[in-house]
Amino acid sequence: MTELAALVEFAEGYGVRCTEPRVLRDRANLLVHLPPAPVVARLPGLVRALRRDTERHLSIDLELAGFLHERGIPVVAPSAELPPGPHRIGGRSCTFWTFHRVVDGTPDPGEIRTGLAAMHAALSGYEGDLTGLGPLADLRLGLERLDWSDPERVIIDTKIERFAGLLAELPAQPLHGDAHSGNALVTVQGLVWTDFEDTWHGPIEWDHAVAALGAVPVAPLQRGAPVEHCAELRALHGAMWQQVLRPGTETAARAKARLLA
C-alpha cells in the first residue's frame, strides 16, 4: 500500500472520505489535502535528516496551534474532523489539520507585525515544556549528524557557544520560531499563521529577525544589537538547514561557506 493510500484508509476509519488526495508540498514536510474534507495531513519529510525526535515537534506544533486557536489568534487549527494525532501511518508520524484555501497575494507586512505582537502576548501565557528546542539545538544536531572535518567542527562549535552566551542575556518567552511570511498564509478568512514545530523559549527579537529576513520583509518592532544578533543566528541556522534540504547543490555549498566564514 502506498503512503497516500495508507493516509486515505486511516482517515476513512474516522469517517473522512477521500478519493483523490492532493499533495500540497513535499520537501521539509509532506502536506496532503484530503478533499472534499477540510483536512490536511502533515508528515515529516527532509526534516528527519536533522531532527532526532520529529514526533515531539509535531506534538508541540499541535499543542501551540490549539492553545492559540482557543485564544482567538488566527492559526491553522488542529483538525476537528478526526483525532489530530500524532499518529503513525505508513512508517511516518502524521498530524491532521484544518484546510484553508489560500488566495493569490502576499501578506501585508503591517498585518504580520500586528499578528506577531498579538501572538507573542498570547504565547507569554503558554507553560508547556520547550526545553531542548530552537536554533542552537538544530545547529548542534547538524554538527553531530552531518559530515564535517575536525577544523570545521571547531569553527561551528565556537559560533554556537558565542550565540548561546548572547541569548542567555536576553529576556525569553515561547515563540513562533519560524515566523517568516511563508508561514503567514493569505486565505479567504484573512491572514492565518501556521507551522509551530520550530517553536522554542527565546527572545522575541528572534521572531522579529526571522520576519525581517522573509520573502516579504517585515521591519522589526525594535532595532539594535539583540535583533542583529538574532539575524546573524538565523543566517547560520538557515545555512545549516540548506545542508539538509539541498544536499549536493551550489546552494548547499554557499551555505556551508557561510557557516564556516
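Residues numbered from 1 in each chain as written. Predicted model: local features only at pLDDT ≥ 70, side-chain atom pairs only at ≥ 80, totals over all residues. Heavy atoms only, no water.

Caption draft 1: Representation of the overall build of the chain. Check the secondary structure of the chain and you find 8 helices and 9 strands. Relative to the globule expectation of 18 Å for 261 residues, the C-alpha radius of gyration of the chain, 19 Å, shows essentially globular dimensions. Out of the 261 residues belonging to the chain, those deemed buried represent 50%. For the chain, the accessible surface area stands at approximately 12200 Å², while carbon and sulfur atoms represent 53% of it. Across the chain, the mean location of the 25 positive side-chain charges is 4 Å away from that of the 33 negative side-chain charges. (Helix = DSSP H or I, 4+ residues; strand = E, 2+ residues; numbered from the N terminus. Rg over C-alpha atoms; globule rule 2.2 N^0.38 Å. Buried < 20%, exposed > 50% of the residue type's maximum accessible area, 1.4 Å probe, protein only. Areas by Shrake-Rupley, 256 points an atom, 1.4 Å probe, with all protein chains shown as cover. Lys, Arg positive; Asp, Glu negative; His and termini not counted. Charge placed at Lys NZ, Arg CZ, Asp CG, Glu CD.)

Caption draft 2: Broad picture of the packing of aromatic side chains. For the structure shown, the criterion picks out 4 aromatic pairs. Ring geometry for Phe10 versus Tyr14: centroids 5.5 Å apart, planes at 50°, classification tilted. For the pair Trp200 and Trp206, a centre-to-centre distance of 5.7 Å together with 80° between the ring planes defines the contact as edge-to-face. Residue Trp200 is classed as buried on the basis of its relative accessible area, which comes to 5%. Positioned over the ring face of Phe67 is Arg71, at 3.6 Å from the centre of the ring. The ring of Phe163 is capped by Arg162, whose NZ or CZ atom sits 4.8 Å from the centre of that ring. (Phe/Tyr/Trp six-rings, centres within 6.5 Å; stacked < 30°, edge-to-face > 60°. Lys NZ or Arg CZ within 6 Å of the ring centre and 35° of its normal.)

Caption draft 3: Representation of unusual backbone geometry within the structure. That bond from Pro35 to Pro36 is cis: its omega, 10°, falls within 30 degrees of zero. By the element assignment, Pro36 lies in the loop between strand E2 (29-33) and strand E3 (39-44). Although it is not a glycine, Asp195 adopts a positive phi angle of roughly 65°. Take Asp195: it is sitting in the loop between strand E8 (190-193) and strand E9 (201-202).

Caption draft 4: Structural view of the pattern of salt bridges. One pass over the full model with this rule turns up 13 salt bridges. Residue Glu152 pairs with Lys256 through a salt bridge whose shortest N-O separation is 3.6 Å. Of the two residues, Glu152 sits in helix H5 (residues 150-168) while Lys256 sits in helix H8 (residues 250-260), which places them 104 residues apart along the sequence. The exposure class assigned to Lys256 is partly exposed, which follows from its relative accessible area of 27%. (Salt bridge = Lys/Arg side-chain N within 4 Å of Asp/Glu carboxyl O.)

Caption draft 5: Here's a closer look at the side chain of His100. Along the chain, the position of His100 falls in the loop between strand E5 (92-98) and helix H3 (109-123). Once you skip the residues sitting within four places of it in the chain, His100 turns out to touch Val75, Val76, Thr187, Gln189 and Val192. (Contact = heavy atoms within 4.5 Å.)

Caption draft 6: Examining the sheet that holds E3 more closely. In spatial order, the strands read E1-E2-E3-E5-E4; together these 5 strands make up an open sheet with antiparallel pairing. Whereas interior strands pair on both sides, the edge strands pair on one side only; in this sheet they are strand E1 (22-26) and strand E4 (87-89). Put simply, the sheet's adjacent strands are angled 35° from each other on average, direction ignored. Across the sheet, helix H1 (residues 3-12) lies against E1, E2, E3, E4 and E5, angled at about 135° from E4, the strand it touches most. On the sheet, helix H2 (residues 54-70) packs against E3 and E5 and is oriented at approximately 15° with respect to E5. (Pairing = 2+ DSSP bridges. Axes fitted to C-alpha atoms, helices over the stretch in contact; angles between N-to-C directions.)

Caption draft 7: Here's a closer look at the environment of Ile73. Within the element layout of this structure, Ile73 appears in the loop between H2 and E4. Judged by its relative accessible area of 11%, Ile73 falls in the buried class. C-alpha of Ile73 to C-alpha of Met119: the two residues are 46 residues apart in sequence and 6.6 Å apart in space. Not counting chain neighbours up to four residues away, the residues in contact with Ile73 comprise Leu68, Ala118, Met119 and Ala122.

Caption draft 8: Representation of the nonpolar core in the model. One finds Leu68, Trp193 and Phe196 to be the most contacted residues of the largest nonpolar core, which totals 55 residues. Among the elements that line this core, the one with the most residues is helix H7 (residues 225-245), at 9 residues. Within the second largest apolar cluster, 17 residues are counted, among which are Val8, Ala41, Ile89 and Cys94. (Core = buried A, V, L, I, M, F, W, Y, C linked by side-chain atoms within 4.5 Å.)

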